[in-house]
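Descriptive analysis of the structure
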Amino acid sequence: METIRRKLMTGVYLTYIQQRKFKTNVVSAQLVTPLDEKTASANALLPAVLRRGTAQYDTMQKLSAELDLLYGARIDCTVRKKGENQCVGFISTFIDDHMTPGGERLLEPVSALLGDLMCNPVMQDDRFLDTYVQGERTNLIDQIRGQMNDKRVYASIRLMQEMCGSEPYGVSRLGSEKSAQQLSADTLYEQYRALLSTSRLELFYCGSAELGRVEQALLSAFSTLPRAELVEAVKTLPHAVAEETRYVTEEMDVTQGKLAMGFSSVSQDYPALLLFNVIYGGSANSKLFLNVREKESLCYYASSTLHRQKNMITLSSGIEFKNYQKAFDEILAQLDAVKRGEIEEWEEIGARSTIRHALCAMGDSLGQMEDFYLGQAVGGMSDTIESLSADLQAVTKDRMMAAADGIKLDTVYFLKNKDGKVAEA
């Protein structure tokens with residue numbers, strides 16, 4: 001599977017994969033901008049407002065009817081964080097030409113619709129419609145509040161805020177409720193014009209169409225895209241190793257404690273760190289799952305995640321309040337065990353198999369491929385799914401242990417209950 005990356009025009013890039021095994025194609029258009037607390041909420045709101053309609057199809061009903069005519073094509077809005085950049089836009093899926101009853105070509109009309117949604121939205125008096133902005137702003141605030149209600153997600157967000165408080169990585173992809181509440185049709189339109197003219201546009205296509213046809217369809221679709229002085233995506237810097245561990249405790253009416261821990265790493269050997277993380281806490285056969293959860297029964301769940309561009313590992317667990325110290329000690333004991341190389345052969349084989357199957361599954365999913373290659377483009381990386389798989393297979397146990405040697409506990413966040421009070425977790 002060959003991946004081609006091309007510059008189509010100023011600040012506009014295409015990642016192209018010709019793949020004939022899928023019955024559907026995918027086209028994605030993402031505006032990439034540095035993550036900033038001041039603009040995160042406005043940027044997160046924009047795709048939802050733009051998705052309400054174009055100048056030609058000015059209601060969701062008309063837009064849906066047009067998509068139905070395109071054999072049920074889908075266009076969904078997206079808001080993602082890639083490193084210390086925010087990516088907002090649309091992703092569309094539609095059936096491949098050889099699957100249409102009359103051999104109709106769908107790439108061109110779907111691309112044109114994407115271009116209109118981004119560059120020619122429905123307007124009134126040179127501004128967004130108040131009703132559309134108000135409705136989608138309410139939805140965004142509900143999303144942000146939903147993170148607060150899911151205490152597992154909330155603890156992970158709070159850990160990131162504490163660990164990366166002075167770095168853009170600590171900003172949520174959705175921004176804050178306070179910022180969202182202050183957005184109006186006028187302020188949102190102002191941010192839209194700035195974002196549209198100064199942000200890099202990353203386009204992605206996977207399907208059976210030839211490269212020349214894809215380029216022409218997308219160039220035509222985004223021909224009216226305004227271009228000013230571009231604000232380039234920022235290079236995400238690794239998290240600085242803390243001099244000493246920070247401990248943060250917060251109280252709420254919860255029945256289950258949430259223990260979140262963040263680790264920094266001095267190694268930038270991503271394949272070796274990835275293998276380490278899967279053995280430590282990144283799978284159902286990990287040290288954390290089998291020992292802290294199953295054997296010692298010290299938590300309801302425990303898993304870890306590797307943040308590639310920040311050289312960080314974060315851990316999420318749910319525990320009984322009384323088990324805080326025991327769980328904390330056992331989590332670190334399992335970390336030390338992996339660092340010392342106390343790994344059974346079946347654990348290493350299982351971890352490699354888990355990674356291999358995950359990468360194979362990624363190659364079989366249009367959505368996962370689009371997300372992977374967007375991250376590569378934004379981060380300035382050139383890995384493909386195939387090259388990453390080969391790199392991982394080349395990692396030795398000694399190389400993994402060398403990478404793990406520099407892992408250090410950075411921040412500990414614990415959410416516990418208020419004294420004497422019991423409520424829903």
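Residues numbered from 1 in each chain as written. Predicted model: local features only at pLDDT ≥ 70, side-chain atom pairs only at ≥ 80, totals over all residues. Heavy atoms only, no water.

Some words on the overall build of the protein chain
Across its full length, the protein chain holds 15 helices and 11 strands. Relative to its length of 425 residues, the protein chain is compact, with a C-alpha radius of gyration of 23 Å against a globular reference of 22 Å. Dimensions along the principal axes, computed over C-alpha positions, put the protein chain at roughly 60 × 50 × 40 Å. The long-range fraction of contacts in the protein chain, counting pairs at least 24 apart against all pairs at least 6 apart in sequence, stands at 82%. Accessible surface computed for the protein chain: about 18,900 Å², of which carbon and sulfur atoms make up 48%. Of the side chains in the protein chain, 47 bear a positive and 57 a negative charge, and the two mean positions are spaced by 1 Å. (Helix = DSSP H or I, 4+ residues; strand = E, 2+ residues; numbered from the N terminus. Rg over C-alpha atoms; globule rule 2.2 N^0.38 Å. Contact = heavy atoms within 4.5 Å. Areas by Shrake-Rupley, 256 points an atom, 1.4 Å probe, with all protein chains shown as cover. Lys, Arg positive; Asp, Glu negative; His and termini not counted. Charge placed at Lys NZ, Arg CZ, Asp CG, Glu CD.)

Regarding unusual backbone geometry
Backbone geometry places Asp125, a non-glycine residue, at a positive phi of 55°. Mapped onto the elements of the fold, Asp125 is located in the loop between helix H3 (107-119) and helix H4 (130-149). The class of Asp125 is exposed, set by a relative accessible area of 71%. A positive phi is found at Asn311, a non-glycine position, where the angle reads about 55°. Its relative accessible area of 7% is what places Asn311 among the buried residues. (Buried < 20%, exposed > 50% of the residue type's maximum accessible area, 1.4 Å probe, protein only.)

Some points on the confidence of the model for the protein chain
Looking at the protein chain as a whole, the pLDDT averages 94, with 99% of positions reaching at least 70. Least confident of the elements in the protein chain is helix H14 (residues 385-393), whose mean pLDDT is 92; most confident is helix H1 (residues 40-50), at 98. Contacts for the low-pLDDT stretch residues 420-425, under 50 throughout, to residues beyond four places or in other chains number 12 contacts. (pLDDT = per-residue confidence, 0-100.)

Some details on empty space enclosed by the protein
By the definition in use, this model includes 5 cavities of 30 Å³ or more. The calculated volume of the largest cavity comes to roughly 60 Å³. Counting residues per element, the ones that place at least two in the lining of the largest cavity are strand S3 (24-34), strand S6 (200-207) and helix H13 (366-379). Of the residues forming the lining of the largest cavity, the biggest block, 4 residues, is contributed by H13. Split into classes, the residues belonging to the lining of the largest cavity amount to 5 nonpolar, 3 polar and 2 charged. (1 Å grid on protein atoms, 1.4 Å probe; cavity = no way out; pocket = protein on both sides within 12 Å on 5 of 7 lines; lining within 4 Å. Points joined across faces, edges and corners; volume = space filled by probe spheres on them. Nonpolar A, V, L, I, M, F, W, Y, C, P; charged D, E, K, R; others polar.)

Some remarks on the pattern of salt bridges
Across all of its chains, the model carries 29 salt bridges by this definition. Between Asp58 and Lys62 there is a salt bridge whose closest N-O contact spans 3.1 Å. Each of the salt bridges in this network shares a partner with another, and the network as a whole consists of Arg5, Arg200, Glu202 and Glu232. (Salt bridge = Lys/Arg side-chain N within 4 Å of Asp/Glu carboxyl O.)

Observations regarding the nonpolar core
Leu14, Met118, Leu201, Leu203 and Phe222 are the most contacted members of the largest nonpolar core, which has 55 residues in total. Sort the elements by how many residues they give to this core and H3 lands first, with 7 residues. The contact partners of Leu201, leaving out residues within four places of it in the chain, are Gly11, Val12, Tyr13, Ala29, Gln30, Leu31, Met118, Phe222, Leu225 and Arg227. Counting residues in hydrophobic clusters, the runner-up holds 53 residues, among them Val278, Cys299, Ala302 and Ile385. (Core = buried A, V, L, I, M, F, W, Y, C linked by side-chain atoms within 4.5 Å.)

Points about the packing of aromatic side chains
This model, assessed by the stated rule, comprises 11 aromatic pairs. A ring pair is formed by Tyr16 and Tyr205, whose centres lie 5.9 Å apart and whose planes are at 15°; its orientation type is stacked. Of this pair, Tyr16 sits in strand S2 (residues 12-18) while Tyr205 sits in strand S6, and the two are 189 residues apart along the sequence. Side by side, Tyr16 and Tyr205 carry an identical accessibility label, which is buried. With centroids separated by 6.4 Å and ring planes inclined at 20°, the aromatic side chains of Phe204 and Tyr373 adopt a geometry described as stacked. (Phe/Tyr/Trp six-rings, centres within 6.5 Å; stacked < 30°, edge-to-face > 60°.)

Details of helix H7 (residues 185-198)
Given 3.6 residues to a turn, an α-helix orients residues that are three or four positions apart in the same direction. End to end, H7 covers 20 Å across 14 residues, agreeing with the expected 20 Å (1.5 Å per residue, within 8%). Along H7, the residues that are buried comprise Ala185, Leu188, Gln191, Tyr192, Leu195, Leu196, Ser197 and Thr198. Residues of H7 that are buried make contact with S3, H1, strand S5 (85-95), H3, H4 and S6. (Expected span 1.5 Å × (residues − 1).)

Examining the environment of Phe204
By the secondary structure assignment, Phe204 is in strand S6. By relative accessible area, Phe204 is classed as buried at 4%. Residues in contact with Phe204, not counting those within four places in the same chain, are Leu14, Thr15, Ile17, Val26, Val27, Ser28, Met369, Glu370 and Tyr373.

What to know about the pairing of strand S9 (residues 301-307)
In terms of burial, S9 is largely enclosed, as 5 of its 7 residues are buried. Alignment of S9 against strand S10 (residues 312-319), held across 7 bridges, turns out to be antiparallel. Looking at S10, one finds that Leu306 is bridged to Ile313. Taking the residues between adjacent antiparallel strands as the criterion, S9 and S10 are bridged by 4 residues, where Asn311 takes a positive phi near 55°. (Pairing = 2+ DSSP bridges.)

As for the sheet that holds strand S7 (residues 246-252)
Taken in spatial order, the 5 strands of this open sheet run S7-S11-S8-S10-S9, and their pairing is mixed. The open sheet terminates on both sides in strands that have one partner only, identified here as S7 and S9. In this sheet, adjacent strand axes meet at a mean angle of 15° when their direction is disregarded. Sheet topology note: the strand S8 (residues 257-264)/strand S11 (residues 408-417) ladder contains 7 bridges and is antiparallel. Note that in S11 the partner of Ser264 across the bridge is Lys408. Sheet strands touched by helix H11 (residues 324-339): S7, S8, S10 and S11. Its angle to S8, the strand with the most contacts, is close to 30°. (Axes fitted to C-alpha atoms, helices over the stretch in contact; angles between N-to-C directions.)

Section: the layout of surface pockets
Gaps left between atoms show up when a probe the size of a water molecule is rolled over them. In this model, the largest pocket occupies a volume close to 1,400 Å³. Around the largest pocket, the lining is made up of 45 residues, and of these Tyr169, Thr305, Leu306, His307 and Arg308 lie nearest the centre. Of all the secondary structure elements, the ones that give two or more residues to the lining of the largest pocket are strand S4 (74-82), helix H5 (151-163), helix H9 (270-280), S9, S10, helix H12 (345-363) and H13. When residues of the lining of the largest pocket are assigned to their parent elements, the largest contribution, 6 residues, is made by H5.

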